[in-house]
Every structure is written in C-alpha cells, then in structure tokens.
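Notes for the structure review
Residue-level listing of the chains:
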Amino acid sequence: MSESGGNAGGTGGSGSGAPGGGRGNSGRGKGGPRDSSQRNAQGRERNRPSQRSFTENAPAQRTRRADPARLVAFEVLRAVAAEDAYANLVLPSRIRHHGLDKRDAGFATELSYGALRGQGTYDAILARCVDRPLDQLDPAILDALRIGTHQLLAMRVPAHAALDQTVGLARAVIGAGPSALINAVLRKVTAHTLEEWLEILVAGESDETTIASLRYAHPEWIVRAMRQSLVAHGRSAAEINDLLEADNAAPVVNLVALPGLGSLDEALEGGATPGELVEGSALSSGGDLGRLASVREGSTRVQDVGSQLVARAMAAVDLDPTGSPGAERPHETWLDLCAGPGGKAALLGALANAQGATLLANEPAPHRAKLVSQALSAVPRDVWRVRTGDGRDVGTEQPESFDRVLVDVPCSGLGALRRRPESRWRRTPKDLADLGPLQRALLKSALDAVRPGGVVAYVTCSPHPAETTAVVSDALRKRDDLELLDAGAVLDSVSLTGNLGAGHDSTAQLWPHIHSTDAMFLALIRKKA
Ligand SMILES: C[S@@+](CC[C@H](N)C(=O)[O-])C[C@H]1O[C@@H](n2cnc3c(N)ncnc32)[C@H](O)[C@@H]1O
C-alpha cells in the first residue's frame, strides 16, 4: 500500500448503430466503390439511392484495396475477438494509427461498435447464409462478414459499396481465397432488410426471451437478468424492450464542470447543451473535447450523469438531521474506496474542496491509482490523497475514521452495456457469482471505516439484484448498527428535476431508457450514532 498525488484530465467517445438502434436500409449506388470523401459528418455515405444493385465484376476484378475506415473497424473486431481487447480502448489508437479524418473516424466508430453490439443477431442471420456452422469459419472471415452485414443492414451504405469494400478488405488483409465466400454470403444477406431478417429469425418462436434476444442483440441470460432487475427495483417487466433498445443507442457524451473549479461556458459556446438532470452538467456537441481548455486542465470532465448524481448524493446526505439548517459542517473526512480511474473521485474532490472536507481515494491497481491522481489534478493538492492498496484492508487499518464513504464496487457493468459494445457477449452469469464475495467484503470494509453517524454510499454500475439489493440486505442483516436512508429522496434533492422517480424500497436505481444515464444503483447506509 502507498499514498501519492499527480496531474491531468480525460475525454471519451461513442458510436452508434445495432439491431434495434440506428436501422437503415442499403440501396444502389452509381458506379464503383465510394471513397471516404463521400461520407457525411455522421460517417454515412452520401447520395444514397433507394434501390439495391451490385457490380457485375467478379470478386477477383473488384477492389483489392482496404478502405482505411473499414480496415480500422476490422482491426477493432479482430483485437476484441483474438486479444480480449476493449473496443473503446483499441478504436482511438487504430484511428490515430491510420490517420483517419473526422468523417472516417465517425464511420469506423459506427461500423465497429454497431457490428460488435449486433453480433448475436448478425451471427444468427449469417448462420442462415453460410453452409457450415459459424464456428468452423476462420474467425477473421467471420469478423469480415459481421462488418459487411452491419453495413448492409443497419448503415446507410449502398449495397454495392458494402459488398465491394468488404470483399476488397478481405482480399487485402485475409487473402484472395475467402473473398468468393464473403461475396456469396453477403449477397444472401442482402436478400432481406434487417426487419425482414428479424421476422424470419423469430418466425415460429414463442419464447419472449429468445425473441428479445434476437431482436435487440443481447444474450438470453442478460435479457432475463435485465427483466429480473427491472422488477427488483419496482419497475414493470414490460419495459424490457425499451431497456434493451437503449443499450443499442450510442450514449451522448456528458460533461461535468467540477464545482467551484471548472466552467461549462466554453463547451456551451461550442454547441453543448446544458444538462437537465444535474447542475454543472452538459451534453457534449461531439468533436474533439481536447479543444476545450477546461477539459485539458481537468476542471471539466467527461462523466455520465448517473455517476454525477450518485457522487453528489453521497456528498449531500445530511449527517446531522437534528442540527440547525444551514449550520456550518465540521471539517469532514471522505473516503472513495474503489476510486480508479477517478471519475467520481474528481467530482468528490471538488465537492470536498467546496465543503471544507478532505478526500482519501483508494485504488489497488497502481496504473489505475495513477489515473486517479491525474483525475484529481485540478483539485487543490491539500484536499486529497491517493492510497494504492486493497480496499478490504481499510476498514481494519482505519476503523471509524471517515464521515462519508463511497464504495463503487467492481461489478458486471450490466448497467453500462451501451458504452462497451462487446461486453454483453463477453460477460457470463458466473461473473455475478464471482464478484459477490468481493462486493460484500468491500462494503463491510466501508462500513467498518465509517464513523458512527457517518454514511456509506454503496454504488454499482449494474442493476442486477445479485450485485445491488442482495449485497445491501446481507450487510443490513449481519449488523444491528446500520440503517438504510432514502436514497431516492437524496438523489432527487441533488437533481434539477427533483423528481427522478429512481427510488424503491429506500434504494435507488437509474435507467438508460428512463433517465438516459447508465443504470447506476445507489444505497445510502448510515452507521447509527
Ligand atoms: C466500478 S470501478 C470504480 C469506478 C470509479 N469509482 C470511477 O468513478 O471512476 C471499480 C474499481 O474498483 C477497483 N478494485 C478492484 N478490487 C478492489 C479492491 N480489492 N479494493 C478496492 N478497489 C478495488 C478496480 O480496480 C476498479 O478501479
């Protein structure tokens, strides 16, 4: 374990398109393959005529060149499949490596994210077009087919361009052999629109979970888990399709101006719109956020509104409800037990600075602890410290030492599927079981570390009851010195609307399809004085 400090800021990116998301039909283009200059700012190819047709050229006569934007998407899919890479980390480096301009970068983002999100549905379609089981295909060929299918069924790319360019990509990076197969399979894909394919796939299917899984491109176990989560948090199971559809939409990039330190003026002048749910937030207008001086300084940051709300709720709980309103708070000590990479720590650091408190941010992974220091760099240096160590030890090493503790535990991330296009296909139900003991141990440590009268905010970026309500009720059952505060009411008190409707049974759950945030869970647990 060690403690340290440091400097910097951060930005994020997004993509769009998937079954249930940015649907579009392909059409006929005039002449040969389009070059990238014919794409519009959303990465869509311009002048899209309404009918489909294909070049008469045999695959061998077509382009042998890999269009750089498609090549980037292919490389992202390959890295995800072969190296277990994260698309949101690989994509920017591939875009830089190939020197894509803004339009091509938009196209590559939509193509790679859309193909990854839609993978389950696209594979079901491809299975109807290939004469052997998909797992007998070379994985690179399968990725090329997924990229071709997403262009044909869900992007406004003329069919001939999608075909020619995908075959050209395959010739350039996989070899001449597979191009005939790819050409033949993608021609079969073009026989139907996405909607027609979905009708074909679900025909004769009566199981609602299977239908939703195919229609909204989620594994069946996640469809069931999300339905269970909706019900566990007091919502209707009938919302499931809206929730799954929200996972397929590209999330808007949210900004936060660190209270008392940052400003949104520059972002708003540049076209960002003020956030409607929480003070000091804005919806980015897109583009390179590094152009904003306050983002470069780290006083304005990219952060999901759900994260902003739960961090503000932790800081806003009234620890002395019997005291006189407006009375000055004594100097408080705050702990962020699982801080990496530092998004909530930065906001908490700014709030601590404004409220005369200090913050200890803990993270066991040294490279992530460094990111926490960087995230906190805009906050005055005497307000915060970073501890590099196991959060499970803090409760015994520093018992009853903190007034407020945030424990934002490692979780399945089922509440942020829209941000991580590949994660739905990578996660398994076993992850939930494996994470349970760590989540419980971290919450126990947080409860040991908070002083009597203090409050612990238990947060996950997952709505699943195994990671949310079950963990909290286990903790409450084991000890008699705890009480649950009304997290929904506290969230309302820090929101601009005052009426988020997130509360249920004293805990609170935000939703992508209701609040346009990640599905953040919040429980506020007070240790009785
Ligand atoms: C959900 S993330 C936290 C996100 C962070 N609060 C933010 O807003 O940027 C969970 C973090 O817990 C860390 N973690 C994993 N095991 C831990 C442990 N034993 N003690 C403390 N933190 C742990 C992970 O490295 C990860 O950075």
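Model, not experiment: these values are computed from the prediction. (Residues numbered from 1 in each chain as written. Predicted model: local features only at pLDDT ≥ 70, side-chain atom pairs only at ≥ 80, totals over all residues. Heavy atoms only, no water.)

Bringing the site of the ligand into the picture now. Around the ligand, a shell composed of 20 residues is seen, among which Gly340, Glu363, Arg368, Gly391 and Asp408 lie nearest. The side chain of Glu363 places a nitrogen or oxygen atom 2.7 Å from an oxygen atom of the ligand. Separating a nitrogen atom of the ligand from a side-chain N or O atom of Asp390 is a distance of 2.9 Å. Taking 600 Å² as the accessible area of the ligand by itself, protein coverage stands at 83%. Looking at the shell around the ligand, the elements that each hand over two or more residues are helix 15 (343-355) and helix 19 (429-449). Of the residues belonging to the shell around the ligand, the class tally is 9 nonpolar, 5 polar and 6 charged. (Near = heavy atom within 4 Å. Polar contact = N/O pair within 3.5 Å; in protein donor to acceptor, adjacent residues only side chain to side chain. Areas by Shrake-Rupley, 256 points an atom, 1.4 Å probe, with all protein chains shown as cover. Helix = DSSP H or I, 4+ residues; strand = E, 2+ residues; numbered from the N terminus. Nonpolar A, V, L, I, M, F, W, Y, C, P; charged D, E, K, R; others polar.)

On to the pattern of salt bridges. Following the criterion strictly, the structure yields 31 salt bridges and no others. Here Lys344 makes a salt bridge to Asp408, at a shortest N to O gap of 2.6 Å. In this pair, Lys344 sits in helix 15 while Asp408 sits in strand 9 (residues 402-408), placing the two residues 64 residues apart along the sequence. Of the two residues, Lys344 and Asp408, both sit in the buried class. Taken together, the salt bridges that share partners define one network made up of Arg78, Asp123, Asp143 and Arg146. (Salt bridge = Lys/Arg side-chain N within 4 Å of Asp/Glu carboxyl O. Buried < 20%, exposed > 50% of the residue type's maximum accessible area, 1.4 Å probe, protein only.)

Our next topic: the side chain of Ser281. Inspection of the secondary structure assignment puts Ser281 in strand 4 (residues 281-283). With a relative accessible area of 4%, Ser281 lands in the buried category. Other than its neighbours up to four places away in sequence, Ser281 contacts Leu255, Val256, Leu264, Pro274, Gly275, Val305 and Gln308. (Contact = heavy atoms within 4.5 Å.)

Burial of strand 2 (residues 254-257) is two-sided: the residues Asn254 and Val256 facing one way and the residues Leu255 and Ala257 facing the other way are all buried. Two elements, strand 2 and strand 4, share 3 bridges in a ladder whose sense is antiparallel. Along strand 4, the bridge assignment pairs Val256 with Ser281. As judged from the 3 bridges shared by strand 2 and strand 5 (residues 300-302), these two strands associate in the antiparallel manner. Residue pairing for strand 5: Ala257 is matched across the bridge by Thr300. (Pairing = 2+ DSSP bridges.)

Counting across every chain of the model gives 0 disulfides. Not part of a disulfide, Cys338 finds its nearest cysteine sulfur in Cys411, a span of 10 Å. On the accessibility criterion, Cys338 (12% relative accessible area) is buried. No disulfide involves Cys461; its sulfur sits 5.5 Å from that of Cys411, the nearest cysteine. (Disulfide = S-S within 2.5 Å.)

Let us now look at the packing of aromatic side chains. For the structure shown, the criterion picks out 1 aromatic pair. For the ring pair Tyr458 and Phe521, a centre distance of 6.3 Å and an interplane angle of 70° mean the geometry is edge-to-face. Within this pair, whereas Tyr458 is found in strand 10 (residues 450-460), its partner Phe521 is found in strand 14 (residues 521-527), the two being separated by 63 residues in sequence. By the burial criterion, Tyr458 is buried, and Phe521 matches it. Cation over ring: Arg381 sits above Trp384, and NZ or CZ is 4.0 Å from the ring centre. A cation sits over an aromatic face here: Arg426 above Tyr86, 5.7 Å from the ring centre. (Phe/Tyr/Trp six-rings, centres within 6.5 Å; stacked < 30°, edge-to-face > 60°. Lys NZ or Arg CZ within 6 Å of the ring centre and 35° of its normal.)

What follows deals with the sheet that holds strand 3 (residues 273-274). Across the sheet, which stays open at both edges, the 4 strands sit in the order 3-4-2-5 with antiparallel pairing between neighbours. The open sheet terminates on both sides in strands that have one partner only, identified here as strand 3 and strand 5. This element, helix 14 (residues 305-316), spans strand 2 and strand 4 of the sheet and lies at about 35° to strand 2. (Axes fitted to C-alpha atoms, helices over the stretch in contact; angles between N-to-C directions.)

The next subject is the UniProt feature "active site" (unreviewed entry) in the protein. In this structure's numbering, the residues bearing the UniProt feature "active site" (unreviewed entry) are Cys461. With respect to the helices and strands, Cys461 occurs in the loop between strand 10 and helix 20 (469-478). When its relative accessible area of 13% is taken as the criterion, Cys461 is described as buried. (UniProt positions renumbered as here; feature names shortened; annotations may be inferred.)

Here Asp131 shows up in the loop between helix 4 (119-127) and helix 5 (139-154). The exposure class of Asp131 is exposed, given its relative accessible area of 67%. A distance of 3.3 Å separates the side chain of Asp131 from the side chain of Arg132, its partner in a polar contact.

An α-helical segment advances 3.6 residues per turn. Residues three or four places apart therefore align on the same side. Along helix 9 (residues 208-216), 7 of the 9 residues are buried, which leaves the element largely enclosed by surrounding structure. Thr209, Thr210, Ala212, Ser213, Leu214, Arg215 and Tyr216 are the residues of helix 9 that are buried. Its buried side turned inward, helix 9 meets helix 4, helix 8 (194-202), helix 10 (220-232), helix 11 (240-247) and helix 18 (423-426).

Attention now goes to the nonpolar core. Counting 58 residues, the largest nonpolar core has Val76, Ile125, Leu145, Ile182 and Val189 as its most contacted members. Where this core is concerned, the elements lending two or more residues are helix 1 (68-83), helix 2 (87-97), helix 3 (102-117), helix 4, helix 5, helix 6 (159-173), helix 7 (177-189) and helix 8. Look past the residues within four positions of Ile182 in its chain and what remains in contact with it is Ile141, Ala144, Leu145, Thr166, Val167 and Ala170. Counting residues in hydrophobic clusters, the runner-up holds 52 residues, among them Leu348, Val386, Val459 and Ala508. (Core = buried A, V, L, I, M, F, W, Y, C linked by side-chain atoms within 4.5 Å.)

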